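Survey of secondary and tertiary structure
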Amino acid sequence: AMKQMQQTAARYTAHPLVEGFPGKTSSHGAFGWSSLWLLDDGTHRVLIDAGQPAYIPLIHESLERLGLTAADITDVLLTHMHWDHVANFTMFQNAVTWVGEQELAWAAEQPAGTKFIPDLHVQELMRRTERVERMRPGQEVLPGIHAIAAPGHTPHHLAFFTERAEQSYIFAGDSVKNTHELATAHVDSTMDEDASVRTIDRLRSLLTDTSGTLLPGHDVGLSIVDGEVQRLREQRAQISFFADALSPEADRSIGCADAG
């Protein structure tokens, strides 16, 4: 019993498998470069969101660096039912996928072709009777990990909060996508702007009260220091493309200094 209590009380270590990037393109839709984090206490290995299809090799590589494989993931917690946060839940064959009961029901009511909603993934989550669990706001989904109502971006979006780590973490999903949204409460993509503003206000207060870190859906980790939102590290990404017929593939690095 004592050993079980020690395991239950073990702290999570947070690892970024893929850090989000707040990019947009008018010609090719959303980048879908969403954040993908792992919480690991030695017993529970929990992914916050499942990422988009292009992340599959990155997920394998990141897990391998940690000495893990996809089979080691015990749980996948989905913030909401958009493609770039849901797509890879099927690759974690031993994991329980946790999905918001109301969010899944809402997504299942949307017709095929509704923007951002991956129809086949929604159908599969509805169909599975094993290794898919429903959750609700306020629930302690796993030891020390609590679901928080965070509506706006989608009607029943969830965020997750834990203090059972080296610091407190808020996994905001797309209720807070980037540093701009946390700082200004001006939301780029939302189904209910008023709800989004209220959600950001509540998460910002929680972040301030706990002096923790907020992990946004499409950015690096954020903190609030003396009332100012700060990135925990510089935001950068690399894009490669073949610029012309004779040139080899070229890397174009994009970062904070290149904005504007």
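Preceding this paragraph is the structure being described.
This report concerns the structure included in the present document. (Residues numbered from 1 in each chain as written. Predicted model: local features only at pLDDT ≥ 70, side-chain atom pairs only at ≥ 80, totals over all residues. Heavy atoms only, no water.)

Turning our attention to the packing of aromatic side chains. If you walk through the whole model with that rule in mind, you get three aromatic pairs. Arranged with centres 5.3 Å apart and planes meeting at 55°, the rings of F21 and W33 form a pair that is tilted. Here the residue F21 occupies a position in the loop between β1 (13-18) and β2 (24-25), and W33 occupies one in the loop between β3 (29-30) and β4 (36-40), the gap between them amounting to 12 residues. Its relative accessible area of 11% is what places F21 among the buried residues. Ring centres of F31 and W33 lie 4.5 Å apart, and the angle between their planes is 40°; on these two criteria the pair is classed as tilted. F31 gets classed as partly exposed once you look at its relative accessible area, which sits at 21%. Joined through ring pairs, the aromatic side chains of F21, F31 and W33 make up one cluster. (Phe/Tyr/Trp six-rings, centres within 6.5 Å; stacked < 30°, edge-to-face > 60°. Helix = DSSP H or I, 4+ residues; strand = E, 2+ residues; numbered from the N terminus. Buried < 20%, exposed > 50% of the residue type's maximum accessible area, 1.4 Å probe, protein only.)

Bringing the sheet that holds β4 into the picture now. Taken together, six strands build an open sheet; the order of strands is β1-β4-β5-β6-β7-β8 and the sheet is mixed. Edge strands, defined here as strands with exactly one partner in the open sheet, are β1 and β8 (132-135). If you compare each strand with its neighbour and ignore which way they point, the axes differ by 25° on average. Relative to strand β7 (residues 96-100), strand β6 (residues 75-77) runs parallel, the two being bridged by three bridges. Each residue of the ladder has a partner; that of D75, found in β7, is V96. (Pairing = 2+ DSSP bridges. Axes fitted to C-alpha atoms, helices over the stretch in contact; angles between N-to-C directions.)

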